[in-house]
Amino acid sequence: MTPDHVINPLDAWYPHEPDLAAAQLAWLQTNVGSDHTLLDLGCGAGRTLVPMAQYGASCTGVDRDDAALLTCRQALEQSGASANLVLDDFCTWLPKAEGAWDVILCLGNTFCLIWQIEEAIALLTAVRRHLAPGGRLIVDDIPGDLWPELIEGRWQAGLDPDHGLQMVWSADDSVFTLRDEARADSENWEIGPEDVPLRLWTAGALHLAAIASGFEVPLVPAGSGVRVLRPVPQDHSSS
């Protein structure tokens, strides 16, 4: 997971453009019942958790950034809503957690931080085990949102002069790192120990990780900005 001293632009508190953030929230508030239980993995400052708590969902948020959780707690107090906040790394917290949730979220490009396939399968398996009957996992539509930026020619040179960022790709995988302006180095194009590896999930890779974890093929509701994963129904019929 991400070293505390590294600035990771994909792990910002408010990572999405306003239109995408609004589309995600609108879809959630239309498709998640106000009586549902909701777990937000990597809730950050409450970008999604706070409005969903205001909406009426019974929310739990997990994040290892204490400053983000403090901001989230303040936002909850100001909104008059409440939620259970947990300071922890959700990758190690969730397998030991008790209870089940109707909806589990992993938004804000957080799933890009799960760059090792085996770690992703372990996390997805833990998520599936903590979903209530009929429950769903909601992640960003990473293949549909971020991949087009590369196809359209952005980051061709690996440098973003507008934001002072440098993108460095792995030589043999869809794994990259982003360096901020202070660490950008036009002479260094290899991911090193001080870099934060990130996976730019393809639809195929996410599909395979989902199937290996006991989920159906992820679905992309039109205009939602999310991908929805449902567990494979269990066959309880007797042979």
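About the cut-offs
- Residues numbered from 1 in each chain as written.
- Predicted model: local features only at pLDDT ≥ 70, side-chain atom pairs only at ≥ 80, totals over all residues.
- Heavy atoms only, no water.
- Pairing = 2+ DSSP bridges.
- Helix = DSSP H or I, 4+ residues; strand = E, 2+ residues; numbered from the N terminus.
- Axes fitted to C-alpha atoms, helices over the stretch in contact; angles between N-to-C directions.
- Contact = heavy atoms within 4.5 Å.
- Salt bridge = Lys/Arg side-chain N within 4 Å of Asp/Glu carboxyl O.
- Buried < 20%, exposed > 50% of the residue type's maximum accessible area, 1.4 Å probe, protein only.
- Disulfide = S-S within 2.5 Å.
- Phe/Tyr/Trp six-rings, centres within 6.5 Å; stacked < 30°, edge-to-face > 60°.
- Lys NZ or Arg CZ within 6 Å of the ring centre and 35° of its normal.

Chemist: When you look at the sheet that holds strand S10 (residues 226-229) in this model, what are you seeing that I'm missing?
Modeler: The strands making up a sheet associate through hydrogen bonds between their backbones, and the pairing can be parallel or antiparallel. Spatially, S3-S2-S1-S4-S5-S10 is the arrangement adopted by the 6 strands of the open sheet, whose pairing is mixed. Only two strands of the sheet have a single partner each, and these edge strands are strand S3 (84-87) and S10. Here the average twist between neighbouring strands, direction ignored, is 20°. Judged from the 3 bridges that link them, strand S1 (residues 37-41) and strand S4 (residues 101-106) form a sheet pairing that is parallel. Paired with Leu39 across the two strands is Ile104, which belongs to S4. Those strands touched by helix H3 (residues 66-79) are strand S2 (58-63) and S3, and its axis lies near 170° from that of S3. Against the sheet, helix H5 (residues 117-129) touches S1, S4, strand S5 (131-140) and S10, its axis set at about 145° to S5.

Chemist: Can you walk me through the pattern of salt bridges in this structure?
Modeler: Should their charged atoms come close, side chains of opposite charge can pair. Tallied over the entire structure, the rule returns 5 salt bridges. Among the ionic pairs, Asp141 bridges to Arg227, the shortest N-O distance being 2.5 Å. Pair noted here: Asp141 is in the loop between S5 and helix H6 (142-145) and Arg227 is in strand S10, with a separation of 86 residues, a long-range link. Comparing Asp141 with Arg227, the two get one shared label, buried. A salt bridge links Arg179 to Asp195, with the nearest nitrogen and oxygen atoms 3.0 Å apart. Here the residue Arg179 occupies a position in strand S8 (residues 175-179), and Asp195 occupies one in the loop between S8 and strand S9 (198-199), the gap between them amounting to 16 residues. You can call Asp195 buried: its relative accessible area is 5%. A network of salt bridges, in which partner residues are shared, links Arg179, Arg183 and Asp195.

Chemist: Would you mind going over the state of the cysteines with me for this structure?
Modeler: Evaluated as defined, the whole model comprises 0 disulfides. Between Cys59, a cysteine without a disulfide, and Cys72, which holds the nearest cysteine sulfur, the sulfur-to-sulfur distance is 9.2 Å. Cysteine Cys106 shares no disulfide, and the gap to the nearest cysteine sulfur, in Cys91, comes to 7.9 Å. According to the relative accessible area criterion, Cys106 is buried, its value standing at 2%.

Chemist: Please clarify how the environment of Leu70 should be interpreted in this entry.
Modeler: With respect to the secondary-structure elements, Leu70 resides in helix H3. A C-alpha to C-alpha distance of 9.3 Å links Leu70 and Gly44, two positions 26 residues apart in sequence.

Chemist: In this structure, what is going on with the packing of aromatic side chains? I would like to understand it.
Modeler: Given two aromatic rings, one states the distance between the centres and the angle between the planes to describe the pair. Here the structure, examined in full by the defined rule, presents 4 aromatic pairs. On the basis of an interplanar angle of 50° and a centroid distance of 6.2 Å, the ring pair of Trp93 and Trp101 is categorised as tilted. Here a set of aromatic residues connected by ring pairs shows up, and it is made of Trp147, Trp169 and Phe176. Above the plane of the ring of Trp201 lies Arg199, whose end atom (NZ or CZ) is 5.5 Å from the centre.

Chemist: Looking at this model, I keep getting lost on the environment of Leu41. Mind explaining?
Modeler: Structurally, the position occupied by Leu41 is in strand S1. Leu41 gets classed as buried once you look at its relative accessible area, which sits at 0%. Through-space distance from the C-alpha of Leu41 to that of Arg64 is 10.0 Å; in sequence the pair is 23 residues apart. Those residues within four positions of Leu41 in sequence are excluded, and the remaining contacts are Val62, Phe90, Leu94, Ile104, Leu105, Cys106, Leu107, Thr110, Leu123 and Val127.

No statement about biological role is implied by the geometric values presented.
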